[in-house]
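Topology and contacts: notes
The primary structure of each chain is shown beneath.
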Amino acid sequence: MTGAQADSTDSAIRANQELWDEWTRIHETSAFYDLEGFRRGGIRLRPHEIEEIGDVSGRELLHLQCHFGIDSLSWARLGARVTGADFSPAAIDLATRLAAELELDARFVHSDLYDLPEVLDGEFDIVYTSRGVLGWLPDVGRWARVVSHFVKPGGIFYINEIHPVAQVFENEGVAPGELRLQYPYWEHERPLAFEVTGSYADRSAAVRTPTEYGWDHGLGEIVTALIDAGLRIESLREFPWAEWQLDFLVRAEDGKLRLPPDVPGELPLSFSILAMKPTLG
Ligand SMILES: C[S@@+](CC[C@H](N)C(=O)[O-])C[C@H]1O[C@@H](n2cnc3c(N)ncnc32)[C@H](O)[C@@H]1O
């Protein structure tokens, strides 16, 4: 964490958007995203995401915070008619070019998450978001209202995300298994500021944006926000693995990032929620 402070929520979000533009250019050629493998026909979704969402063929799917679209385009490869949205112009530009190059049924919309209802019309069978999304958003209640706005009655919302419990521990400069309580669990008004070192996909990459800003949200706050926005929770699953490197984790034999085997006890490190918008009447 740094002592840097954003003048306002808006200036923190603007700094994050510049950072995501820079990161997109790094990610396009990174081994982490393996765009060449994706061009050859890869599906970058996790097996439990595909299993929990079910058959998407012919269904309208909105992907919120879609980055440069390779998860969105994976859903298109599985037959969904995809709309992706993100606040990074560089990400939306690359996603649009990839969809055209790969001739996949997908369009991409540039918008801040909170402004999307003013920019995009329509309701969707499936609203999907995943892996590193909520920490960029200051207000989980407002997020849930945007989500619900886009889910058709009878449609579903699905999120696969890092677990808020995994976020409370120091994740840099600690040893595997060293759990040092450091960060807030519940939502806070002022963003936390972190010095930027490359990107999570390439720590050695040169990045000009000096600081990234983030917010936390407890699991109860996330679930309650979705319920208050009119969605019915169908399932909440917690998993003992994370999607990206936290220094207190190790890569296990199955390739997943987990607590070292000699740590007694367990922690939830990611979660998924499947919710439904009840039909009217
Ligand atoms: C880690 S990515 C998630 C996508 C996917 N898991 C991936 O790895 O490609 C987070 C995305 O959130 C977007 N984002 C961050 N803050 C946002 C905001 N306020 N409005 C819309 N998109 C935002 C970023 O541009 C980025 O593409």
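In this report, we go over the structure that sits alongside the text.

What counts and what doesn't
Residues numbered from 1 in each chain as written. Predicted model: local features only at pLDDT ≥ 70, side-chain atom pairs only at ≥ 80, totals over all residues. Heavy atoms only, no water. Near = heavy atom within 4 Å. Polar contact = N/O pair within 3.5 Å; in protein donor to acceptor, adjacent residues only side chain to side chain. Areas by Shrake-Rupley, 256 points an atom, 1.4 Å probe, with all protein chains shown as cover. Salt bridge = Lys/Arg side-chain N within 4 Å of Asp/Glu carboxyl O. Helix = DSSP H or I, 4+ residues; strand = E, 2+ residues; numbered from the N terminus. Buried < 20%, exposed > 50% of the residue type's maximum accessible area, 1.4 Å probe, protein only. Axes fitted to C-alpha atoms, helices over the stretch in contact; angles between N-to-C directions. Parallel < 35°, antiparallel > 145°, perpendicular 65-115°, else oblique. Left-handed = near helix turned anticlockwise from the far one by under 90°. Contact = heavy atoms within 4.5 Å. Patch = residues over 30% accessible without salt bridge, like charges linked within 9 Å, V, L, I, M, F, W, Y side chains within 5 Å. Core = buried A, V, L, I, M, F, W, Y, C linked by side-chain atoms within 4.5 Å.

This next bit is on the site of the ligand. Near the ligand there are 18 residues, and of these Y33, D86, D112, L113 and S130 occur at the shortest range. The contact in question runs from an oxygen atom of the ligand to an N or O atom on the side chain of Q65, over 3.2 Å. Taking S130, its main chain carries an N or O atom lying 3.0 Å from a nitrogen atom of the ligand. Considered on its own, the ligand offers 590 Å² of accessible surface; in the complex 96% of this is hidden by protein.

By the definition in use, this model includes 14 salt bridges. In this structure, R237 engages E52 in a salt bridge whose closest nitrogen and oxygen atoms are separated by 3.5 Å. One end of the pair, R237, is in strand 8 (residues 232-239); the other, E52, is in helix 3 (residues 47-53), with 185 residues separating them in the sequence. Judged by relative accessible area, R237 falls into the partly exposed class, the value being 31%. E52 sits in the buried class, given a relative accessible area of 12%. Residues joined by salt bridges that share partners form a network here, namely R44, E49, D71 and R131.

At their nearest, the axes of helix 4 (residues 70-77) and helix 5 (residues 89-102) sit 10 Å apart, and the two run at 30 degrees to each other. With respect to each other, helix 4 and helix 5 are oriented roughly parallel. Here helix 4 runs over helix 5; the crossing is right-handed. Here helix 4 contributes I70, L73 and R77 to the contact with helix 5, which in turn contributes A95, L98, A99 and L102.

Together, I43, I50 and L78 line one region of the surface with nonpolar side chains, adding up to about 200 Å² of accessible area. The partly exposed category is assigned to L78, whose relative accessible area is 32%.

Moving on, we get to the nonpolar core. The biggest cluster of nonpolar side chains holds 32 residues, and the ones touching the most others in it are V127, W143, V147, F157 and L226. For this core, the secondary structure elements donating two or more residues are strand 1 (60-64), strand 4 (124-130), helix 7 (140-150), strand 5 (151-162), helix 8 (219-228) and strand 11 (270-276). It is helix 7 that provides the largest number of residues to this core, a total of 6 residues. Residues within four places of V127 in sequence aside, it is in contact with L62, L64, V147, F150, V151, I156, F157 and Y158.

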